Amino acid sequence: GCKVLISLAQSIMADVEGSKVVVNLIPFNDIGHPTYRTPSMEKVLGFQKIITDGGVLCYVRTTRGDEENAACGQLATSRSK
């Protein structure tokens, strides 16, 4: 939930404190996995805001690979039953 996202964002900021870094957020492509789903753009932008408000440059990358069932650069295969 929201508390987990805030905690994760704060952890990222602590890990990069004092470093010149750029955080790239790549939303997960929904590949039909029962556990993982694409976050809403509202959640992605909220997470980005926490990072940037902490002084870390943060971009939201465009998702690609929806047609190929790619998730964050990983290709998934569909199994037929």
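For the structure, check the block above.
The following refers to the structure shown. Owing to the predicted nature of the structure, the values given are computational and were not obtained by experimental measurement.

1. Description of helix α1 (residues 2–16)
Phase 1: With 15 residues, α1 ought to run about 21 Å at 1.5 Å a step, and its terminal C-alpha atoms sit 21 Å apart, in line with that.
Phase 2: Burial in α1 covers these residues: A9, M13 and V16. Taken around the axis of α1, the buried residues stretch over an arc of 75 degrees, which confines them to a single face. α1 presents K3, V4, A14 and D15 as exposed residues on the side facing more than 90 degrees away from its buried surface.
Phase 3: The secondary structure elements touched by the buried residues of α1 are α2 (41–53).
Phase 4: A positive phi of about 85 degrees marks G18, the residue just after α1.

2. So, the layout of surface pockets
Phase 1: In this structure, the largest pocket spans a volume of roughly 270 Å³.
Phase 2: In terms of lining residues, the largest pocket is bounded by 13 residues, among which L5, P39, K43, V44 and F47 are the most central.
Phase 3: Taken together, the elements giving at least two residues each to the lining of the largest pocket come down to α1 and α2.
Phase 4: With 4 residues, α1 is the single largest residue contributor to the lining of the largest pocket.

The rules behind the values
- Residues numbered from 1 in each chain as written.
- Predicted model: local features only at pLDDT ≥ 70, side-chain atom pairs only at ≥ 80, totals over all residues.
- Heavy atoms only, no water.
- Helix = DSSP H or I, 4+ residues; strand = E, 2+ residues; numbered from the N terminus.
- Expected span 1.5 Å × (residues − 1).
- Buried < 20%, exposed > 50% of the residue type's maximum accessible area, 1.4 Å probe, protein only.
- Arc of directions from axis to C-beta.
- Contact = heavy atoms within 4.5 Å.
- 1 Å grid on protein atoms, 1.4 Å probe; cavity = no way out; pocket = protein on both sides within 12 Å on 5 of 7 lines; lining within 4 Å.
- Points joined across faces, edges and corners; volume = space filled by probe spheres on them.

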